[in-house]
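Commentary on secondary and tertiary structure
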Amino acid sequence: MTTKQFMIVNRKAPYGTIYGWEALEVVLIAAAFEQDVSMAFLDDGVYQLKKGHQTKGIEIKAFEKTFGALEDYDVTKIYVDQESLTERGLTADDLTIAVEVLSRAEIGKRMEEQDIVLSF
Amino acid sequence: MKFAILVSEGPYTHQATDTAFLFAQAVLAKGHEIFRVFFYHDGVYNATRLTTPPQDDRNIVKRWTKLAEENNLDMVVCVAAAQRRGIVDDGEMKRNGKDATNLAEPFRISGLGQLIEAGIQADRLVVFGD
Amino acid sequence: MLHIINKSPYDRPALDSVLKTGEGAILLIEDGVYAAVKGGAVEAKIKTALGKFKIYALTPDIDARGIADRVIDGVTQVDYAGFVDLVAENKTSQSWL
């Protein structure tokens, strides 16, 4: 099968809308199709990766476990925008999985290299 | 050139589906091909045949149907998103023990893999959402 | 690369986000076209961006919003056919939803 570079871009916070969750489903399927998948978290998207989600009270399934499964699917290119973290008072230590923290410009460059950018 | 289109919003609330439709029309008018239109998130609501807008408003569902029939378009509704939102075809009705179907022709319900396949097969994939 | 923006710059940070991230072409559609309006607080930003990006705006969306007479000079208007051409010309497009 042809392999293409897919980047899934997340710019929305979790729970307020379903986009983050359904984006993750796309990532897992793309990985199952053995595509070259990466994820980029920008703007409020970085909140999806924040540690310690306790979603019982809002009765919506938490993301955290699924992020942990990404490695099993060989999805290891997970880019997070440094500036978006800083703006929100977060650091890489606040995130639930290991990520590559990059500058905006660096993320922009990787975006340019993609065949397909799916944004949610 | 082969295009694929992803529609991530439902009709009427967001302009996204209008833009996607007009874009799709323009793609075909320019002599390009549309490999697939994939409906995800609330985009699955574009596929309910029960939509009944006022007579002086556009019928977004019928408009997709007409475009698809005239151009032999493959219009795919994501099964997981459809199940969450109650978009049902015959197979889904039987599988999930429902008492009705509401999927418009010629939409079909299938897996998310169809979106990835569209990305692989098409030269361009454009996302319309909010 | 083509960056497609459908959000008003007065409501959401999509335009700012694109300006910080990329280069190439920007296409303003839907509420994104409000970024192309003269005399607003965003005008200076667009004028600066024109040095780095080619900026397009979708004419039907401009017309629909009653702002056809105040589009910033340097912003190129396109119709849906032009939108298709922009997507075809750029290897990758991203919709900044």
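See above for the structure.
Structural notes, computed from the coordinates. (Residues numbered from 1 in each chain as written. Chains lettered and ligands numbered in written order. Predicted model: local features only at pLDDT ≥ 70, side-chain atom pairs only at ≥ 80, totals over all residues. Heavy atoms only, no water.)

1. A word on the interface of chain A and chain B
How big an interface is tends to be expressed through the accessible area that disappears when the partners come together. Contacts between the two partners involve 21 residues from chain A, matched on the other side by 19 residues from chain B. Of the roughly 1600 Å² buried between chain A and chain B, counting both surfaces, carbon and sulfur atoms make up 64%. For the interface between chain A and chain B, the tally reads three salt bridges. For the side of chain A that touches chain B, the secondary structure elements donating two or more residues are α1 (19-32) and β5 (116-119) of chain A. Counting residues per element, the side of chain A that touches chain B draws most heavily on α1 of chain A, at eight residues. Its residues placed into classes, the side of chain A that touches chain B shows 14 nonpolar, three polar and four charged. (Contact = heavy atoms within 4.5 Å. Buried area = accessible area lost by both parts, 1.4 Å probe. Salt bridge = Lys/Arg side-chain N within 4 Å of Asp/Glu carboxyl O. Helix = DSSP H or I, 4+ residues; strand = E, 2+ residues; numbered from the N terminus. Nonpolar A, V, L, I, M, F, W, Y, C, P; charged D, E, K, R; others polar.)

2. Observations concerning the environment of K12 of chain A
Inspection of the secondary structure puts K12 of chain A in the loop between β1 (5-10) and α1. The buried category is assigned to K12 of chain A, whose relative accessible area is 11%. A sequence separation of 61 residues divides K12 of chain A from Y73 of chain A, and the C-alpha atoms of the two residues are 23 Å apart. The contact partners of K12 of chain A, leaving out residues within four places of it in the chain, are T17, Y19, D44, G45, Q48 and F120 of chain A, D130 of chain B together with L97 of chain C. Polar side-chain contacts of K12 of chain A include one of 2.5 Å to the backbone oxygen of D130 of chain B. (Buried < 20%, exposed > 50% of the residue type's maximum accessible area, 1.4 Å probe, protein only. Polar contact = N/O pair within 3.5 Å; in protein donor to acceptor, adjacent residues only side chain to side chain.)

3. Examining the pattern of salt bridges
Two side chains carrying opposite charge are able to pair once their charged atoms lie near each other. By the definition in use, this model includes 35 salt bridges over all chains. A salt bridge links D85 of chain C to K30 of chain B, with the nearest nitrogen and oxygen atoms 2.7 Å apart. With D85 of chain C in helix α4 (residues 80-89) and K30 of chain B in the loop between α1 (16-29) and β2 (33-39), the pair connects residues from two separate chains. Note on K30 of chain B: relative accessible area 38%, which makes it partly exposed. D16 of chain C is the salt-bridge partner of K45 of chain C, the closest N and O atoms lying 2.8 Å from each other. Pair noted here: K45 of chain C is in helix α2 (residues 43-49) and D16 of chain C is in helix α1 (residues 14-21), with a separation of 29 residues, a long-range link. In this structure K45 of chain C comes out as partly exposed when scored by relative accessible area, which is 35%. Connected through shared salt-bridge partners, E22 and E25 of chain A together with D42, R84 and R85 of chain B make up one network.

In short, the description is geometric, and any link to function would need to be established separately.
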